[in-house]
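Chains, contacts and geometry: an overview
So you can see what is in the structure, the chains are spelled out below.
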Amino acid sequence: MIRPSLGVPTPYPRLTALCIAALSLCACGPTPPTVRPPDEPAERPDPPPDARQATPFAVPAPPLARPEHRFAVVVGVDRYPDPQLNDLKSAVADARLFGATLRDHFGFPPDQIRLLTDEAATHAGIVGALRWLETQAGPDRSVVFYFAGHGSRTRDQSGDEPDQYDETLVPFDAHRDPSRPPLDLVDDTFGALVRRIAAKGGGTTIILDACHSGTGTKGDDIARTAVPFEAFGDAGLPDAKDPEGSPRYVSLAGAADDQQAVERPVRYPDGRVGPYHGLFTWHLVQALKAAGPGETWAQVVQRVGAGMRTAKVHQTPQLEGQGGEQRPFALMEPPPPASVACDLTGAARPDGQAVLRLPVGKAHGLGVGSEFVLFPLGADLRDPAQAVGTLRLKRVEPQGSEGALFEGGPAPAHGRAVLTKRVPVSAPLKVWWGGQPLPSAWTGGGAVRAAATAAEADATLTGTPPGPITVRGPLGPPQSVAPDDLAQRVEDWASWHITRGLQAPATPSLPLALTVERVEGAAGPIRDGERVDLVVRSDAGRRLFLHLIALDDEGQVAVLYPDKGMHPALKPFATWRFPVRVGVPEGRPTSWTGIRLFATTEPADLHFLATSGRGEWTLPPGELVIDGLELTAER
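Residues numbered from 1 in each chain as written. Predicted model: local features only at pLDDT ≥ 70, side-chain atom pairs only at ≥ 80, totals over all residues. Heavy atoms only, no water.

For the chain, the count of helices and strands is 7 helices and 33 strands. Looking at the chain as a whole, 57% of its 635 residues are labelled buried. Surface summary for the chain: the accessible area is close to 24,300 Å², and the carbon and sulfur share equals 54%. (Helix = DSSP H or I, 4+ residues; strand = E, 2+ residues; numbered from the N terminus. Buried < 20%, exposed > 50% of the residue type's maximum accessible area, 1.4 Å probe, protein only. Areas by Shrake-Rupley, 256 points an atom, 1.4 Å probe, with all protein chains shown as cover.)

Dropping the structure here:
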């Protein structure tokens, strides 16, 4: 068993994922000044064309908190007194636009939206507002924090950043005077406070329109990037401990860690040029207004990404946290089925069927013949009646695939697909149940088939309902499973089996190595409670995006790194360490853990492989490397 030494427990405590929060700040500081609610934007933007189309779905309203239980802190900073921090043009306008959207489209009371702009958006003012937001949070409440302004970077002090830099938010009174403690809000402490707020239940949403990469502009573009600084101390923010458990929240950021968040004059649908806005905020507001009543944050971000690509800006919206499958600003509810984005390619098969592109493929263990149920963008994935048809993969590549509708239609230009049948690339899990036939629901998905004999089986089942069933998987001790949980246990072992069998696709390999180093330099077997470092060394002359996948000997698969929705990059010719702590379950002398390293040349999301917390899957074009190692720990 491996546990990251810095992390938040997940529903499967044997494999706890390291939470790399978008940005993170402690609950302390004075109560913020009384500020007025956001004004109307100077000019109401025309909605995008698809916003004028009536939604065909009759979906129940999302479980919003009552109006009196909706609270928001909205921050925008254009002016920075320090001459080393250039002023911006639209952060305040973005804050007002977003605040008006909360008020007019999501029913947030004006007197419960705290707007902090320029002089009010000091370090103390923002910290105090976050503290106020924590006092308002609760199981039946929806709370929102929004920031538009400069982002920056500082040298990482906790060892949890692959690029060795922490990201920061830059308040009005920030400075770059090396003789004084900086007043930037650093991600580690900000993220701790976010989790404190989210731990109180209800719904928590964090939205950041800032960037954390190098400075630069292009044409009319302005990058929301401030000069980095060398950190020392914690700027007087001592209360940064995480709460117990794994609170659920959703966090959106306008750009990846190594990208710029851009502001520029916006263009209305009729071609008119409007005022400056942050492109992320502008497209987010349009997407929120166009969203169907059953649409989730993952679908909203898909809309935002499409709009930003149309605007030809190299800026990838980020979605993280455990609430990506929730509806915007709603209280947390059971998530809909995991889904993947799919888009029409513009091509057609010889039989006239439309061709759709999906960002999943062989690296996800999917083969030709895998099937998905297709939903239009904005549909409620919980309602099968809203599906438009069934999609079958016809061509599968390492990082992507193409499919065609063989039932239903017509295919939407942009949609979401839910996997219903997996035809694995590697051999399916062979199960022996005393010679009796396996339920068709297990074998119909393609990942499980009945073994001809017990000797050739990967997993065996003993017992009959209504009594408990003993499951012996490919590794580890036998497990007693209730009949109602048996199908899920077999599915978990099938996912484990497929993930363990994944091999690097036939693409040019990238020079990359995964090793384990003993922190204390101890000899002999790895012991229960010992800390080790997973070390990734890259000799590639390009940046790589990493995933660390862990498989334990009880059939669970977890994504150790990164947190869902995040795309941190490893620089060329760099070395990165991921600290973990090894453990052996009670009552057992040893435990086994397999680690798989996935590296892509473009941002990816392999959380699809996990047996818990499955979410949206994306794996874009680019080369892929899979390396791995196996560890055995002793008591």
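Next up on the list: the packing of aromatic side chains. By the definition in use, this model includes 13 aromatic pairs. Ring centres of F145 and F190 lie 5.5 Å apart, and the angle between their planes is 55 degrees; on these two criteria the pair is classed as tilted. Taken as a pair, F145 in strand β4 (residues 142-148) and F190 in helix α3 (residues 187-198) lie far apart in primary sequence, 45 residues in all. We classify F145 as buried; its relative accessible area is 0%. Note on F190: relative accessible area 1%, which makes it buried. In textbook terms, an aromatic cluster arises when at least three aromatic residues are bridged by ring pairs, as seen for F98, F106, F108, Y146, W297 and F329. Positioned above the aromatic ring of W132, the side-chain terminus of R114 is 4.1 Å from the ring centre. Over the ring of F406 we find R392, and its NZ or CZ is 3.8 Å from the ring centre. (Phe/Tyr/Trp six-rings, centres within 6.5 Å; stacked < 30°, edge-to-face > 60°. Lys NZ or Arg CZ within 6 Å of the ring centre and 35° of its normal.)

Once that is clear, we can look at the sheet that holds strand β15 (residues 354-358). Here 6 strands make up a closed barrel; going around it, the order is β14-β15-β18-β17-β16-β19 and the pairing antiparallel. Between one strand axis and the next, the sheet turns through 45 degrees on average, direction left out of account. Along the sheet, helix α5 (residues 297-310) makes contact with β14 (340-348), β16 (371-376) and β19 (414-421), crossing β19 at roughly 135 degrees. (Pairing = 2+ DSSP bridges. Axes fitted to C-alpha atoms, helices over the stretch in contact; angles between N-to-C directions. Contact = heavy atoms within 4.5 Å.)

The next subject is helix α7 (residues 483-500). Helix length check: α7, at 18 residues, gives a terminal C-alpha distance of 26 Å against a target of 26 Å (1.5 Å per residue), a fit within 8%. Buried within α7 we find L486, R489, V490, D492, W493, A494, S495, W496, H497, I498 and T499. (Expected span 1.5 Å × (residues − 1).)

Another aspect to go through is the environment of L546. Summarising the element assignment, L546 is placed in strand β28 (residues 544-552). With relative accessibility at 5%, the residue L546 sits in the buried group. Excluding anything up to four places from it in sequence, L546 contacts L512, V536, Y561, P562, P568, L570, W576, L597, F598 and A599.

Turning to the sheet that holds β4, a few remarks are in order. Reading across from one edge, β3-β2-β4-β8-β10-β13 is the order of the 6 strands in this open sheet, with mixed pairing throughout. If you trace the sheet from one side to the other, it starts and ends with β3 (113-117) and β13 (318-321), each paired once. Within the sheet, the average angular offset between the axes of one strand and its neighbour, ignoring direction, is 10 degrees. Of the strands in this sheet, β2 (70-76), β3 and β4 are in contact with helix α2 (residues 123-136), which crosses β2 at around 170 degrees. Relative to strand β8 (residues 203-209), helix α4 (residues 279-290) is tilted by about 140 degrees, and along the sheet it contacts β4, β8 and β10 (250-253).

Turning our eyes to something else, we now look at the side chain of D380. Mapped onto the fold, D380 is located in the loop between β16 and β17 (389-396). The buried category is assigned to D380, whose relative accessible area is 5%. Side-chain polar atoms of D380 contact the backbone nitrogen of R382, separated by 2.9 Å. (Polar contact = N/O pair within 3.5 Å; in protein donor to acceptor, adjacent residues only side chain to side chain.)

This part covers the nonpolar core. Counting 43 residues, the largest nonpolar core has L358, F372, V431, W442, L461 and L486 as its most contacted members. Broken down by element, the residue count for this core peaks at 6 residues, all from α7. (Core = buried A, V, L, I, M, F, W, Y, C linked by side-chain atoms within 4.5 Å.)

As paired strands, strand β11 (residues 262-267) and strand β12 (residues 273-278) are joined by 4 bridges and run antiparallel to one another. Residue pairing across strands places E263 opposite G278, the latter belonging to β12. The hairpin formed by β11 and β12 contains 5 residues between the paired strands, and G271 there has a positive phi angle of roughly 95 degrees.

With that settled, the discussion passes to the packing of α2 against α3. The contact between α2 and α3 brings their axes to 9 Å, and the two run at 20 degrees. In this view, α2 runs roughly parallel relative to α3, as classed from their interaxial angle. The handedness of the crossing between α2 and α3 is left-handed. In contact with L130, L133 and E134 of α2, α3 contributes F190, L193, R196 and I197. Classifying every residue of the contact of α2 with α3 gives 5 nonpolar, no polar and 2 charged. (Parallel < 35°, antiparallel > 145°, perpendicular 65-115°, else oblique. Left-handed = near helix turned anticlockwise from the far one by under 90°. Nonpolar A, V, L, I, M, F, W, Y, C, P; charged D, E, K, R; others polar.)

Moving on, we get to the environment of L381. For L381, the position within the fold is in the loop between β16 and β17. Judged by relative accessible area, which is 6%, L381 ranks as buried. For the pair formed by L381 and R416, sequence separation is 35 residues and the distance between their alpha carbons is 8.4 Å. The residues contacting L381, other than those within four sequence positions of it, are P336, P337, S339, F375, R416 and V418.

Counting across every chain of the model gives 22 salt bridges. The shortest N-O distance in the salt bridge between E517 and R577 comes to 2.7 Å. On the criterion of sequence distance, the pair formed by E517 in strand β25 (residues 512-518) and R577 in strand β31 (residues 575-582) is long-range, its members being 60 residues apart. Each of E517, R531, D533, R537 and R577 takes part in salt bridges that share partners, so that together they form one network. (Salt bridge = Lys/Arg side-chain N within 4 Å of Asp/Glu carboxyl O.)

It is worth spelling out α4 at this point. Taking 1.5 Å of rise per residue, 12 residues should cover 16 Å, and α4 covers 16 Å from first to last C-alpha, within 8% of that figure. Buried residues dominate α4, accounting for 11 of its 12 residues.

Next up on the list: the side chain of R416. Structurally, R416 is set in strand β19. Residue classification places R416 among the buried positions, given a relative accessible area of 0%. Of note is the side chain of R416, whose polar atom sits 2.6 Å from the side chain of Q302. Of the polar contacts made by the side chain of R416, one reaches the side chain of S339; its length is 3.1 Å.

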